[in-house]
Amino acid sequence: MFADIIVPLPLSRTFSYLVPDGMTVSVGSMVVVPFGRTKTLTGVVAKINQGQPSVANPKYILDLLPLSLLPSQIELLQFTSRYYSAPIGEVYHQVLPSQLTSKDGAPDSYKPQIRIEYSLNPIYTDSRALESLRKTLRRASKQLEALDIMLSGQPVENLSSSIRLALLKRGVIIKRECQVSRIDTTSSPSATPVTLTEHQSAALSSIRHQFGTVNTVLLHGVTSSGKTEIYLNLISETVGRGGQALFLVPETGLTQHLYDRLKQYFGSSLGLYHTQCSQSERTETFLHQLSGHPYDVILGTKNALFLPFRKLDLVIVDEEHDTSYKQSDHIPYFNARDLAIYLAHIAHAKTLLGSATPSVESFANAMEHKYGYAQLTERYGKASFPQFHIVDLAEERRKKHLKGHFSRLLVIQMTAALNARHQVILFQNRNGFSPFVQCSKCGYVPKCPHCDVSLTYSKVGNNLRCSYCGYTQPFQVTCPSCGSVTIEPRGLGVEQVEEETRLLFPDARVARVTSKNALTTLNDFHNGDIDILIGTRSLVKGIDYKNVSLLGVLNVDNILNHPDFRANERAFQLLVQAAGRTGRHTAEGHLLLQTYQIDNPFFDFLKGDKSTEFYEQQIAERQLFNYPPFTRLLQVEIRHSNLNYCLSAADYVKKELSVFSNIEITGPIEPMVSYVDRLFIRQLMVRLPLSSDSFKIKSRLQFVIDSLKNTRTYDKGIYIVNVDPV
């Protein structure tokens, strides 16, 4: 008998190994195998085969580990590999805790957390032995005093280390090591789901009813409509009948507040899994899911999909439209929302997608009855919808009303909010102080020497930084091109917004969210310790701010003017979500947008609460121009240090895929940023009809890429296949 093993290397195939006599393996068993001449790897069994492997001189599995993945996990790994054209070994290595997929053999880097405990030696429970001990300790007064402290019931850990050591040597106390959890396993539920409003009850009943006929339902609820309460009720019902629930959120910043809230309802039966958890915490959660008493509920981000679930009954994808669900920085480039639906399919579970601004694809699926559809059209607690204010920046500039980048109306609204002791959020979708700097005399703009992008100015470090490769250089006011002292910041970034805000409102408590301080800053804002919060798009995602009455967007135009067929959809989602952060618990909320495009018809959809009309228009445009959901997209990106090789590789891929007459290939395209980290970039965009055999096309593409990787010079290229790019 032999087994096909997935190994944690970027390889597209499994490897066959003989199973030694007396070793019992099954699909999901984790094993140690030899690889090459000297390596040993930790692999997982993907398939069991009888007879002999087809390879010559097969090697034996070296060891069977006391850990096994579930067959459903193996199926999900394999589907992820096939659908997203990702090497199965890379999928295995990237999505599971790294401490379990060690490339150096046994996964032994995980160490349980150990606590040292001390206790009185049991022999001294005998009164005669205790009296004898007292006599022995007469001349050691401090040790005798410590003995009395222990006998009074106080913990030994309260004693000084020198006294503990002396008592250990005498054998008065004993020491033992105890394995303890890194995560809370003791708290009990302290709340029950709140009473639903009439509209929430109707939506919940509709979801339950539709789950009888469809496996996926879209909950389209306006911001602050109480979608979370519906989630809580469904999860409670799931746990009550012995099932498990997976609750996905798009970003780590959304987890802590939600975790604290869910903890009140589910206590220690709630688990947390995201990238800000330590490696050991993630490993411990993974192993806990394989134990006899797993978590009933898991709250997490993308990779929580790959945790073990034996009784999965419900998957909730909150903010299902969010592009953060798409893995974008490394293989596999999967979409967690779509994989969640497939995971539920494997487990025979139900999926609830929730959003105030669904993706066009999900909305279209609901309208075509592929998904169920439920609505919440009223805000919770009869809260009013926020008012929209559109400010014409050109007119403000003409009348000289601008204070820095702040319009007169924005300053008035901020002053009123602060006087009412409300909080304010300021949004600008650019990091740094300025997006670039420029010589006002000759027009020179410093660019990254490794990438085809201008350098962003950061006033905090007084440096210029590349947002792609991380290259930095000191900021110099002298122009290296013409020698004049006229290099000045251009454009508006969040650092500059912060500086101007502090000048305009010196008595206000102002903070700016960064990637390093996000969790603590958002918590401080939630607790009322910050008056004005400044940041980028992470601020406007589904967080329940209780005291925000105003959100100002300093320049909405850079959101609208993105060269992408989804630009209007993204802008609509972002701005509706932004409006939803205001007026949730205050009397009234306001969203103020500053723009140079005052006549853009896009704003009519926002001001008129015409979301259905907006989605219908977007669907009609997608159908007219053959974009998703009426076709599938597949992007091939090629990177190489030599431009000619990059272009010829792209041409070769295009030629080899052209054997499929029903697909449309555009390119090679030079992207907006075509040179990054000393590599040239070219892209092919492939449109696949919905009726096409996408797996056959992807298989052919993988074969073509593998052949390039095995060809001299082209093997130094980087080939990225992005299925369903967003």
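Described below are features of the structure shown in this document. (Residues numbered from 1 in each chain as written. Predicted model: local features only at pLDDT ≥ 70, side-chain atom pairs only at ≥ 80, totals over all residues. Heavy atoms only, no water.)

## A short note on the environment of Ser 692
Using the following cut-off: Only DSSP runs of H or I covering at least 4 residues are called helices, and only runs of E covering at least 2 are called strands; the numbering of each starts at the N terminus. Burial classification: accessible surface area is computed with a 1.4 Å probe over protein chains only, and a residue below 20% of its type maximum counts as buried, one above 50% as exposed, and the rest as partly exposed. For this analysis, residues touch if any pair of their heavy atoms sits within 4.5 Å. In protein, a polar contact means a hydrogen-donor-capable atom and an acceptor-capable atom, both N or O and within 3.5 Å, with residues adjacent in sequence counting only if both atoms are side-chain atoms; elsewhere, any N or O pair within 3.5 Å suffices.
With respect to the helices and strands, the residue Ser 692 is situated in the loop between strand E29 (679–688) and helix H21 (694–709). Judged by relative accessible area, Ser 692 falls into the buried class, the value being 9%. When the C-alpha positions of Ser 692 and Leu 11 are compared, they lie 26 Å apart, and in sequence the two are 681 residues distant. When neighbours within four sequence positions are excluded, Ser 692 is seen to be in contact with Arg 632, Asn 662 and Ile 697. Of note is the side chain of Ser 692, whose polar atom sits 2.6 Å from the backbone oxygen of Pro 689.

## Comments concerning the nonpolar core
Formally: Buried residues of nine kinds, namely Ala, Val, Leu, Ile, Met, Phe, Trp, Tyr and Cys, make up a nonpolar core once their side-chain atoms join them within 4.5 Å.
Counting 75 residues, the largest nonpolar core has Leu 246, Leu 305, Phe 306 and Val 653 as its most contacted members. For this core, the element with the highest residue contribution is helix H10 (residues 336–347), accounting for eight residues. Excluding its chain neighbours within four sequence positions, the residues that come into contact with Leu 246 are Ile 298, Ala 304, Leu 305, Phe 309, Leu 312, Leu 314, Val 315, Ile 316 and Leu 343.

## Overview of empty space enclosed by the protein
Selection criterion: Detection works on a 1 Å grid of protein atoms alone, calling trapped sets that fit a 1.4 Å probe cavities and calling open sets with protein on both sides within 12 Å along at least five of seven lines pockets, with lining residues defined by an atom within 4 Å of a point. Grid points are joined across faces, edges and corners, and a volume is the space filled by probe spheres set on the points. Think of it as three bins: nonpolar holds Ala, Val, Leu, Ile, Met, Phe, Trp, Tyr, Cys and Pro, charged holds Asp, Glu, Lys and Arg, and polar takes everything else, Gly as well.
Tallied over the full model, the rule gives one cavity of 30 Å³ or more. Space inside the largest cavity adds up to approximately 160 Å³. Along its surface, the largest cavity is lined by twelve residues, and His 321, Asp 322, Arg 537, Lys 541 and Leu 574 are the ones closest to its centre. In the lining of the largest cavity, the residues fall into two nonpolar, five polar and five charged.

## Remarks on the environment of Leu 11
Mapped onto the elements of the fold, Leu 11 is located in the loop between strand E1 (2–6) and strand E2 (15–18). Leu 11 sits in the partly exposed class, given a relative accessible area of 29%. Here the alpha-carbon distance between Leu 11 and Pro 449, two residues 438 residues apart in the chain, equals 33 Å. Residue contacts for Leu 11: discarding those within four places in its chain leaves Phe 35, Pro 87, Ile 88 and Gly 89.

## What about the sheet that holds strand E20 (residues 472–474)?
Strand pairing in a sheet relies on backbone hydrogen bonds. The paired strands run either parallel or antiparallel. So the rule is basically this: What makes two strands pair is DSSP finding at least two bridges between them. To get an axis, a line is fitted to the C-alpha atoms, and for a helix only the part in contact is used. The angle between two axes follows their N-to-C directions and goes from 0 to 180 degrees.
Strand order in this open sheet of three strands is E18-E19-E20, and the pairing throughout is antiparallel. In the strand order of this sheet, the two ends are held by strand E18 (456–458) and E20, each with one partner. Neighbour-to-neighbour, the strand axes of this sheet turn through a mean angle of 30 degrees, independent of strand direction. Where E18 meets strand E19 (residues 463–465), three bridges bridge the pair, whose relative direction is antiparallel. Along E19, the bridge assignment pairs Ser 458 with Asn 463.

## Concerning the side chain of Gln 428
One can find Gln 428 in the loop between strand E16 (423–427) and strand E17 (436–439). Separated by 3.2 Å, the side chain of Gln 428 and the backbone oxygen of Leu 492 make a polar contact. Looking at Gln 428, its side chain comes within polar contact range of the main-chain nitrogen of Asn 555, at 3.4 Å. The contact partners of Gln 428, leaving out residues within four places of it in the chain, are Leu 492, Gly 493, Val 494, Val 497, Gly 535, Thr 536, Leu 554, Asn 555 and Asn 558.

## Some details on the sheet that holds strand E23 (residues 532–535)
Ordered by their spatial adjacency, six strands build an open sheet running E15-E25-E24-E16-E23-E22, and the pairing between neighbours is parallel. Only two strands of the sheet have a single partner each, and these edge strands are strand E15 (387–392) and strand E22 (510–512). With direction set aside, neighbouring strand axes in the sheet form an average angle of 15 degrees. Sheet contacts for helix H13 (residues 408–419): E15, E16, E23, strand E24 (548–553) and strand E25 (590–595); angle to E24, the most-contacted strand, approximately 160 degrees. Along the sheet face, helix H17 (residues 567–580) touches E15, E16, E24 and E25 and points at about 140 degrees away from the line of E25.

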